[in-house]
Amino acid sequence: MTNALPLPDFTHERVEVITGRRSGLFVAVALHSSVLGSALGGARLWTYPSWTDALGDALRLSAAMTLKNAAAGLDAGGGKSVIGLPEGTVLDADRRRAAFLDLGDAVESLGGLYRTAEDVGSTTDDMLVVSERTAHVVGLPDSVGGSGEPAGPTSLGVYASLVATLERAVGTSDVAGRRITIAGLGQVGSRLAERLTSEHAALTVTDVNPAKRALAADLGAAWVEPSEAHLVPADVFVPAGIGGVLTDDVIDALDARAVCGPANNPLAERSGADRLAQRGILYAPDFVVNAGGVIYLDGVAKQRGTMDEIMGRVAGIGDTIRRVFDEAETRRVTPLAAAEGLAAERLAVGARSSALV
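Quick caveat, the model's predicted, so the values are computed rather than measured.

Quick word on the UniProt feature "binding site: NAD(+)" (unreviewed entry) in the protein chain
Step number 1: Per the UniProt record, "binding site: NAD(+)" (unreviewed entry) is annotated on Gly184, Leu185, Gly186, Gln187, Val188 and Gly189.
Step number 2: Position of Leu185 relative to the elements: it lies in the loop between strand E7 (179-183) and helix H5 (187-198).
Step number 3: Judged by its relative accessible area of 0%, Leu185 is buried.
Step number 4: Sequence-distant contacts of Leu185, defined by excluding residues within four places in its chain, comprise Ser190, Ala193, Val205, Thr206, Asp207, Lys212, Leu215 and Trp223.
Step number 5: Checked against the element boundaries, Gly189 lands in helix H5.
Step number 6: For Gly189, a relative accessible area of 2% translates into the label buried.

Points about the sheet that holds strand E11 (residues 256-259)
Step number 1: Read across the open sheet, the six strands follow the order E9-E8-E7-E10-E11-E12; overall the sheet is parallel. The strands lining the two open edges of the sheet, one partner per strand, are strand E9 (222-223) and strand E12 (282-283).
Step number 2: Relative to E11, strand E10 (residues 234-239) runs parallel, the two sharing three bridges. When the bridges of E11 are listed, Phe237 appears paired with Val259.
Step number 3: Packed onto the sheet, H5 meets E7, strand E8 (202-206) and E10 and runs at close to 160° relative to E7.

Remarks on the packing of helix H4 (residues 151-170) against helix H12 (residues 317-331)
Step number 1: In contact at an axis separation of 7 Å, H4 and H12 are set at 40° when each is read in the N-to-C sense. Between H4 and H12 the crossing geometry is right-handed. Here Gly157, Ala160, Ser161, Val163, Ala164, Thr165, Glu167 and Arg168 of H4 come into contact with H12, specifically with Ile317, Gly318, Ile321, Arg322, Phe325, Asp326 and Glu329.
Step number 2: Residue composition of the contact of H4 with H12, by class: six nonpolar, four polar and five charged.

Some details on unusual backbone geometry
Step number 1: Of note, His200 is a non-glycine position whose phi angle comes to about 70°, a positive value.
Step number 2: Relative to the assigned elements, His200 resides in the loop between H5 and E8.
Step number 3: Overall, the relative accessible area of 61% leaves His200 in the exposed class.
Step number 4: A positive phi is found at Gln303, a non-glycine position, where the angle reads about 55°.
Step number 5: Along the chain, Gln303 falls in the loop between helix H10 (292-301) and helix H11 (307-315).
Step number 6: Taking the relative accessible area as the measure of exposure, Gln303 reaches 68% and is therefore exposed.

What about the packing of aromatic side chains?
Step number 1: Within this structure, the stated rule accounts for one aromatic pair.
Step number 2: Seen in terms of ring centroids, Phe26 and Trp51 are 6.1 Å apart; in terms of plane orientation they differ by 40°. Their pairing is tilted. Of this pair, Phe26 sits in strand E2 (residues 26-33) while Trp51 sits in helix H1 (residues 51-71); the two residues are 25 residues apart in sequence, bridging distant segments of the chain.
Step number 3: A relative accessible area of 52% places Trp51 in the exposed class.
Step number 4: The ring of Tyr159 is capped by Arg195, whose NZ or CZ atom sits 3.6 Å from the centre of that ring.

Observations concerning H10
Step number 1: The element H10 is extensively covered by neighbouring structure, given that eight of its 10 residues are classed as buried.
Step number 2: Every buried residue of H10 is accounted for by Gly292, Gly293, Val294, Ile295, Tyr296, Leu297, Asp298 and Gly299.
Step number 3: Elements that come into contact with the buried residues of H10 comprise strand E3 (39-40), H1, strand E6 (114-115), H4, H11 and H12.

Let's talk about the pattern of salt bridges
Step number 1: Applying the stated criterion to the full structure yields 27 salt bridges.
Step number 2: A salt bridge links Arg346 to Asp75; its shortest N-O distance comes to 3.4 Å. Placement of Arg346 in helix H13 (residues 335-355) and of Asp75 in the loop between H1 and strand E5 (78-86) is noted, with a sequence separation of 271 residues between them.
Step number 3: Exposure remark for Arg346: the relative accessible area of 23% places this residue in the partly exposed category.
Step number 4: Note that Asp326 is salt-bridged to Arg168, the shortest N-O span being 2.9 Å. Residue Asp326 is located in helix H12, and its partner Arg168 is located in helix H4; the two are separated by 158 residues in the primary sequence.
Step number 5: A residue is classified by how much of its surface remains accessible, and Arg168, at 34% relative accessible area, is partly exposed.
Step number 6: Residues joined in a network through salt bridges with shared partners are Arg44, Asp57, Arg60, Lys80 and Asp119.

The rules behind these values
- Residues numbered from 1 in each chain as written.
- Predicted model: local features only at pLDDT ≥ 70, side-chain atom pairs only at ≥ 80, totals over all residues.
- Heavy atoms only, no water.
- UniProt positions renumbered as here; feature names shortened; annotations may be inferred.
- Helix = DSSP H or I, 4+ residues; strand = E, 2+ residues; numbered from the N terminus.
- Buried < 20%, exposed > 50% of the residue type's maximum accessible area, 1.4 Å probe, protein only.
- Contact = heavy atoms within 4.5 Å.
- Pairing = 2+ DSSP bridges.
- Axes fitted to C-alpha atoms, helices over the stretch in contact; angles between N-to-C directions.
- Left-handed = near helix turned anticlockwise from the far one by under 90°.
- Nonpolar A, V, L, I, M, F, W, Y, C, P; charged D, E, K, R; others polar.
- Phe/Tyr/Trp six-rings, centres within 6.5 Å; stacked < 30°, edge-to-face > 60°.
- Lys NZ or Arg CZ within 6 Å of the ring centre and 35° of its normal.
- Salt bridge = Lys/Arg side-chain N within 4 Å of Asp/Glu carboxyl O.

This is the structure in structure tokens:
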């Protein structure tokens, strides 16, 4: 799912790694931080070259969830779980069910310090299987009274972020006529593409799955090969697929005024934020942009207001992005450093509060 990315410093509170007793598959649950409350982060099902790659993904993603949940203002820590498939593995229905029962056991072993949800490769129906083994799961199907698929709220948050990014990069929030390239047409990317088309953006799209060409045709969007997406002149480049796509070489060739997208960890190296700034390319940090799903899931699970109020908080991600840009300009740092600072402030308050208990 990701290019080769560096591992974060190991500051995790707890990491559970098991071989599923039913499925025989690698399962990792990484709890990075519970300073702000029970951690929340999805369960990724993906193919990896080795179990170490799967573990590395869990460590990176869980650390990013701490930043995401803190910057989003949630009373939730950061965690992530990964079910790693050996290359060439195809799961039948029985083994898939077994894998998510194994995940449920692993989540339960943390005693409520971590709540899981659907993520790349997993579904709300998979979360229903997880719920047979633990109550610490959110995002169950609508059919059983759950909050359902969070891709819609995630897409709304990305759209709000993109509008805020356009304001800062080109001086207007009007999407019509703006050149936008979306690299990745999964659940979130495809929803965003549909909305931007309805608002008359000049859209270019791509995906590693060539079957997605059909969606491009339906939308009247231009199609480009994945390896060439960053070369298309754009007002905003939207990474919406794999992590690590913004390598030094890609950044140096990127023909865009800004980057704003839902892909987790799109920077191959943290120094990429400085590299973008040196080229005058505005960067909206991913862990702020893509927080709509967790805001929605956490709000529904904790019954934090009406649905309209929860979705209003999702749309408010645009204002958070504006604050990040303002902080970056005032402090003369990159937007990434400003967003990390915003998260660090909340974590510091949470740590002090915890120390008084």
